[in-house]
Protein chains: 2
Amino acid sequence: LSKVLITTVPFGSEGCQSISLLQNAGIDFVINPIGRKLLESELFELIGDYDAIIAGTEQISARIIEKSKKLKFISRVGVGLDGVDLSSAHRHNVLVSYTAEAPAPAVAELAVGLIFSLVRKINQSNIYMHRNEWKRFTGKRIEHTNFGVIGIGRIGERVVKILSSLGAKNIFVNDSERRIIPEIDNLVRWVEKDEIFKHSDLISIHTPLNETTYNMISYSEMKKMKEGAMIVNTARGGIVNEIDLHRILLEGHLGGAAIDVFEREPYQGLLSKMDTCLLTSHMGSMSLDCRCKMEVEATEEVIRFFNGKSLKGLVPEYEYLQRSDFSKY
Amino acid sequence: LSKVLITTVPFGSEGCQSISLLQNAGIDFVINPIGRKLLESELFELIGDYDAIIAGTEQISARIIEKSKKLKFISRVGVGLDGVDLSSAHRHNVLVSYTAEAPAPAVAELAVGLIFSLVRKINQSNIYMHRNEWKRFTGKRIEHTNFGVIGIGRIGERVVKILSSLGAKNIFVNDSERRIIPEIDNLVRWVEKDEIFKHSDLISIHTPLNETTYNMISYSEMKKMKEGAMIVNTARGGIVNEIDLHRILLEGHLGGAAIDVFEREPYQGLLSKMDTCLLTSHMGSMSLDCRCKMEVEATEEVIRFFNGKSLKGLVPEYEYLQRSDFSKY
């Protein structure tokens, strides 16, 4: 009997058929007993003799892959691969799939929601009001906000389209390479990152986490940003340096930030002391539809794997190449 | 020399030319010395011998109009007239103007921002994170949310258009009368209020406050709403009953609410104890552009009045008729 460890939580909630798919396929499974993102040491203890992992964003390190002698397949619920030691997986003939498309609509909408909160200071007003303090904040409308979008993949492209449909006129974009994307090319200006820092009232991050994006927005980059400018990170923790962000918010140079992703999750850090920092708990993909789609796609992939069928979500080779030097995680 | 009392605050902030317009016109003015929305009793004390008021949302009652012997003109910064005793103004030959169009874009965007927060529970997650509690909330995407919009005037119409451009498919609308609005008629379904309560995941209010809308959403209406449904009020306090909202949120029948406007402002009430209630401090029109536009339009109207020029923003007669029975304020 095939055994699957489901590390991602929540799993199978609110009418999602992911669990019944496993049951109907006769697959034995265990759901993360700790109920939150596992530490590397916790997963190391748990890994045992599972044949496959339905994985979240937790770290699946070389020593975990080496310890799990029976592991043959990792099916990521979601898209980021910064947690998985891909080269170790490759060496040990562990295949890795992900659900690259499914999270995008939900992450893009969360980013836009965070943007709306920041530009009108909804989050700050809410904190004040819950302290019975009445302070009227003046904000900006979307039309008058200069946006910077770094990372124009599945999610960044959606964010650009939504902002544009909401009336945004100045959208500066940047990615590791300039690509031609006909659907948005007339909506944006491709510029160097320094131009983004200089011109943007709000910067939204949509890159993967890898060796070139780790600490991409640190103190010196934040200092280059306009007084009162804002940052949204729904991509991965570590891209925006948390300590530096806390410092610059404390100094008052930036007007606010919205951070959904953290270097270590669950997050308990200094940013939680800042009224100007909107914090959410890695909820980018947490819309009912997208979350369930991700779970179902990752589960179906596991079933295909055990049945010897061809896989639909295998991680493409360039993801392995891009990450060859990235040993931070 | 003409003397103007400016009751609305803030006024003339962040590069807005409203104050210099008054100075250049040689008009003597005093800005609200209390720095927040005045109580009726405070304005009664302050009113003195001013020729005109550049007014906010505070109550300008019959006894204030009667006491202010020299008052000839009220120029409202904004659009709602629930604060002004129009029939008393009419009897005492006090003209009233407002800036009916200027706030709409900013209010509509705040409403959409609050909607994004509620459907993804951004506000709740932020409160938890600031307490160092990590809890992942599952939300809905715009496309899968049934919306109810009550009040299809300048603002409601904009909200409908924005929601539709964001992918909303089910938008139920209602107003005091069914009107033909070609631009949105193919985007919405006009229904009775009870249908809105029954079908909506989220209801956004955009009516004026008058005798028919006061307490329009009270306990019995909230009970008709779906389990977990949400309410946004950026219109006026008193339309959604605050005590009833607190009760129903406490009971857990509704999933959340976002309230920007209150019966008494500054608000200090029970809703501030509810994590599920997003509260903002009457910031609907508080975008830099709209706020300044409102101030400038109201100021230019005062200058026109003193110069005997024809007025552009005089309150139309139907506003006087609609409100003839409304003596709550």
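Only a predicted model underlies this, so the values are computations on that prediction, with no experimental measurement involved.

A. Structural detail: the environment of A:Ile6. All names here are of chain A. Here Ile6 is to be found in strand 1 (residues 3-6). Distance in space between the C-alpha atoms of Ile6 and Glu133 is 45 Å, their sequence separation being 127 residues. Residue contacts for Ile6: discarding those within four places in its chain leaves Phe11, Leu22, Phe29, Val30, Ile31, Asn32 and Ile54.

B. The arrangement of the sheet that holds strand 6 (residues 147-150) of chain A in detail. All names here are of chain A. Reading across the sheet, the 7 strands line up as 8-7-6-9-10-11-12 and stay open at both edges, with parallel pairing between neighbours. A single partner strand is all that each edge strand has here, and the edge strands are strand 8 (189-190) and strand 12 (277-279). Note that strand 6 and strand 7 (residues 171-174) share 4 bridges and pair parallel. When the bridges of strand 7 are listed, Phe147 appears paired with Ile171. In the packing of helix 7 (residues 154-165) onto the sheet, the strands contacted are strand 6 and strand 7, and the crossing angle to strand 7 comes to about 175°.

C. Examining the relation of the copies chain A and chain B more closely. Superposition record for chain A on chain B: RMSD 0.0 Å, screw rotation 180°, translation along axis 0.0 Å. The operation mapping one copy onto its partner corresponds to a two-fold rotation axis. When the interface residues of chain A are mapped onto chain B, 100% of them again lie at the interface, so the same face is used by both copies.

D. Structural detail: helix 7 (residues 154-165) of chain B. Residue and element names in this part refer to chain B. When the terminal C-alpha atoms of helix 7 are compared, their 17 Å separation across 12 residues agrees well with the 16 Å that a helix rising 1.5 Å per residue should span. Listed as buried for helix 7 are Ile155, Gly156, Glu157, Val159, Val160, Ile162, Leu163 and Ser164. Elements in contact with the buried residues of helix 7: helix 5 (104-120), strand 6 (147-150), strand 7 (171-174) and helix 8 (182-185). Following helix 7 by one or two positions, Gly167 adopts a phi angle in the positive range, close to 105°.

E. Examining the nonpolar core more closely. In this structure, A:Ile171 and B:Ile171 are the most contacted members of the largest nonpolar core, which totals 68 residues. With residues near it in sequence (within four places) discarded, A:Ile171 still touches A:Phe147, A:Val149, A:Val160, A:Leu163, A:Ser164, A:Leu187, A:Val188 and A:Arg189.

F. Looking closely at the state of the cysteines. Under the defined criterion, the tally for this structure stands at 2 disulfides over all chains. Covalently, A:Cys16 is tied to A:Cys292 through a disulfide, its sulfur atoms 2.1 Å apart. Around the S-S axis, the bridge from A:Cys16 to A:Cys292 shows a dihedral of about 85° and counts as right-handed. Taken together, the positions of A:Cys16 in the loop between strand 1 and helix 1 (18-24) and A:Cys292 in helix 12 (residues 288-306) put the pair 276 residues apart, joining distant regions of the chain. Taken as a pair, A:Cys16 and A:Cys292 share a single burial class, namely buried. No disulfide involves B:Cys290; its nearest neighbouring cysteine sulfur is the one of B:Cys292, lying 10 Å away.

Calculation rules
- Residues numbered from 1 in each chain as written.
- Chains lettered and ligands numbered in written order.
- Predicted model: local features only at pLDDT ≥ 70, side-chain atom pairs only at ≥ 80, totals over all residues.
- Heavy atoms only, no water.
- Helix = DSSP H or I, 4+ residues; strand = E, 2+ residues; numbered from the N terminus.
- Contact = heavy atoms within 4.5 Å.
- Pairing = 2+ DSSP bridges.
- Axes fitted to C-alpha atoms, helices over the stretch in contact; angles between N-to-C directions.
- Least-squares fit on C-alpha atoms with pLDDT ≥ 70 in both.
- Expected span 1.5 Å × (residues − 1).
- Buried < 20%, exposed > 50% of the residue type's maximum accessible area, 1.4 Å probe, protein only.
- Core = buried A, V, L, I, M, F, W, Y, C linked by side-chain atoms within 4.5 Å.
- Disulfide = S-S within 2.5 Å.

Structural measurements only, silent on function.
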